[in-house]
Amino acid sequence: QVQLVESGGGLVQAGGSLRVSCAASGRRFSAYSMGWFRQAPGKEREFVAAINWSGVTTYYADSVKGRFTISRDNAQNTVYLQMNSLKPEDTAVYYCGAIGNFGYYMNYEKYTYWGQGTQVTVSS
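Just so it is clear, the model here is predicted, and its values are computed rather than measured.

(A) Molecular detail of the pattern of salt bridges. Counted under the stated rule, the structure contains three salt bridges. Salt-bridge contacts for R38 lead to E46; the nearest nitrogen and oxygen are separated by 2.6 Å. Given a relative accessible area of 5%, R38 falls into the buried group. The partly exposed category is assigned to E46, whose relative accessible area is 35%. Put simply, D90 and R38 hold a salt bridge, and the shortest N to O gap is 2.9 Å. Here D90, found in the loop between β8 (78-83) and β9 (92-99), pairs with R38, found in strand β4 (residues 33-39); they are 52 residues apart in sequence, far enough to count as distant.

Written out as structure tokens, the structure reads:
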């Protein structure tokens, strides 16, 4: 029902900024809460940020709070992750997911749909 495609990843120096986007195809995009996860080589996929269907409620991992901002534009079927003050430890593949129950926003196993991911590399 929903297909997700991430874009906007790339190489950036530490302290720089990057915005990744997740474009969704599907009639009921606005009914889903959305989340961003990331996975570094050899590491477990970790929660980054999540946003509810209306965009009013957001959650962030402690490691990114104050630096990253998640937002969504339901009219454009797109969710964004603005990443500022990037650090080398932010280097990972960033994945966008859709979930029907926002209570499980931290659990990647509960997400129904996933994109292919976009690589973000932060150099020292």
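(B) Fine view of the pairing of β4. Counting buried residues in β4 gives six out of seven residues, a clear majority hidden from the surface. As judged from the seven bridges shared by β4 and β9, these two strands associate in the antiparallel manner. Each residue of the ladder has a partner; that of M34, found in β9, is A98. Of the strand pairs in this sheet, β4 and strand β5 (residues 46-51) are connected by five bridges, and their pairing is antiparallel. The residue bridging M34 from the neighbouring strand is I51, located in β5. Where β4 folds back on β5, the antiparallel hairpin that results is connected by six residues, among which G42 adopts a positive phi of roughly 75°.

Quick notes on the rules
Residues numbered from 1 in each chain as written. Predicted model: local features only at pLDDT ≥ 70, side-chain atom pairs only at ≥ 80, totals over all residues. Heavy atoms only, no water. Salt bridge = Lys/Arg side-chain N within 4 Å of Asp/Glu carboxyl O. Buried < 20%, exposed > 50% of the residue type's maximum accessible area, 1.4 Å probe, protein only. Helix = DSSP H or I, 4+ residues; strand = E, 2+ residues; numbered from the N terminus. Pairing = 2+ DSSP bridges.

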